[in-house]
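Analysis of the macromolecular model
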Amino acid sequence: MQLPNFFSGKRIFLTGHTGFKGGWLCHVLHNFGAVVTGVALEPEAKSFFQSCNTREIVNHNIADINDYKNLENILRRAQPDIIIHAAAQPLVRLSYETPLETLQTNIMGTANVLMAAHASQEHPLVAIVTSDKCYENIETNTPYVETDRMGGHDPYSASKGAAEIVTASLAKSFYNKNAQSVLSLRGGNVIGGGDWATDRIMTDIIEALIVNRAPVIRSPQALRPWQHILDVLSGYLSAIMYVSQQTPGSFEQFNIGPFSENEASVSKLACYACDYWGNGIKPDISSAQADLHEAKLLKLDISKAVEKLDWKPKFSFEETVRKTVDWYKAESEGEDMASFTMQQISEYF
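On a predicted model such as this, the values are computed, not experimentally measured, just so you know.

Details of helix H6 (residues 99-119)
One full turn of an α-helix is made of 3.6 residues, so residues set three or four places apart face in the same direction. Here H6 contains 21 residues, and its C-alpha end-to-end distance of 29 Å stays within 8% of the 30 Å for a straight helix at 1.5 Å per residue. Maximal helix bending in H6 amounts to about 25°, located at Met108. Taken together, the buried positions of H6 are Thr102, Thr105, Asn106, Ile107, Gly109, Thr110, Ala111, Asn112, Val113, Leu114, Ala116 and Ala117.

Some details on the pairing of strand S4 (residues 82-85)
Alternating residues of S4 divide into Ile82 and Ile84 and Ile83 and His85, and every residue in both groups is buried. In terms of strand pairing, strand S1 (residues 11-15) meets S4 through 4 bridges, oriented parallel. Across the sheet, residue Ile12 finds its bridge partner in S4, namely Ile82. The sheet contact formed by S4 and strand S5 (residues 125-129) spans 4 bridges and is parallel. Within the sheet, the bridge partner assigned to Ile82 lies in S5 and is Leu125.

Topic: the packing of aromatic side chains
If you walk through the whole model with that rule in mind, you get 12 aromatic pairs. When the centroid spacing of 4.8 Å and the interplanar angle of 70° are considered together, the rings of Tyr348 and Phe349 count as edge-to-face. Site record: aromatic cluster; members linked through ring pairs are Phe6, Phe7, Phe32, Phe315, Tyr348 and Phe349. Lying across the ring of Trp196, Lys46 places its NZ or CZ 4.0 Å from the centre. Its end group placed over the ring of Trp277, Lys329 keeps NZ or CZ at 4.9 Å from the ring centre.

Section: the packing of helix H8 (residues 201-210) against helix H10 (residues 266-277)
Between H8 and H10, the shortest axis-to-axis distance is 11 Å and the interhelical angle comes to 35°. Crossing of H8 against H10: the hand is right-handed. Together, Ile201, Met202, Ile205, Ile206, Leu209 and Ile210 of H8 and Val266, Leu269, Ala270, Ala273, Cys274 and Trp277 of H10 make up the contact between the two elements. Within the contact of H8 with H10, the residues separate by chemical class into 12 nonpolar, no polar and no charged.

Reading guide: rules and limits
- Residues numbered from 1 in each chain as written.
- Predicted model: local features only at pLDDT ≥ 70, side-chain atom pairs only at ≥ 80, totals over all residues.
- Heavy atoms only, no water.
- Helix = DSSP H or I, 4+ residues; strand = E, 2+ residues; numbered from the N terminus.
- Expected span 1.5 Å × (residues − 1).
- Bend = angle between axes of the 7 residues up to and from the residue.
- Buried < 20%, exposed > 50% of the residue type's maximum accessible area, 1.4 Å probe, protein only.
- Pairing = 2+ DSSP bridges.
- Phe/Tyr/Trp six-rings, centres within 6.5 Å; stacked < 30°, edge-to-face > 60°.
- Lys NZ or Arg CZ within 6 Å of the ring centre and 35° of its normal.
- Axes fitted to C-alpha atoms, helices over the stretch in contact; angles between N-to-C directions.
- Left-handed = near helix turned anticlockwise from the far one by under 90°.
- Contact = heavy atoms within 4.5 Å.
- Nonpolar A, V, L, I, M, F, W, Y, C, P; charged D, E, K, R; others polar.

Structural data, given as structure tokens:
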């Protein structure tokens, strides 16, 4: 009960609340009794945000984090205790099509959030959500630790590595001078109900299964650290609680990933999801071909988070896939997804 007690009554300023992670965060924080102000672009017509009536539980603001003045004005009115920056262009393949927009949003957008938070009279704690793809990935079996080198082959990964460098620089240059804490949070490959983003593996699988078609899988042998959305969010929130209890002005970085047994190939994920869906369809990996560079191997070392945060992932690989498929199947059958989501959250915490 530590997390619900800590966040109850807290004023949270959340960027990207209309996205997949942001939408789930809204419901988790609402469940804890927090007051959430969200800033994001308009939600997609088909999205977790829309499916779960998320607008009803958040102070909803449509704004672009690249518009510094507007962002600062909304933040000033919210007077938050904590800022969670989850807004981003989150897709590797899209970053090849929109490299400038990806770099602008993920780097300068992050800088805007950090400087607007620094200008706030409340000096809130700031948590920056980036990605495991921030590391310079040389694709070995050695998991990455928080002090490893930043990098990135594709524009998305490069933008996340650069956002980490910007975060560290601003934390050391400005935040510690006014005793304001900041942390960066690096998650693995997150799956869960309600992610309808283009070119996401689970989205591709579910969209095919709903219409009784075999999902076509690209890069079937690529190895990923799969984790359920609730596992990663509990890690994020545990890190925020931890840093809030440290000396003001602290700067921390945490890998929030699964245990090594949750690392599995894209092919294994697709096969298990199809089997669990239960209509006899198998994934099509015969014509698999990745036309753009995507990392084949990426592992996170989460020992720092496990040791310091009194946190660990709860779900096995199989449970992660089952919980995700359960959500999509419930939606396809017309269930009330706000209630279904709250049930999954309540059972988890």
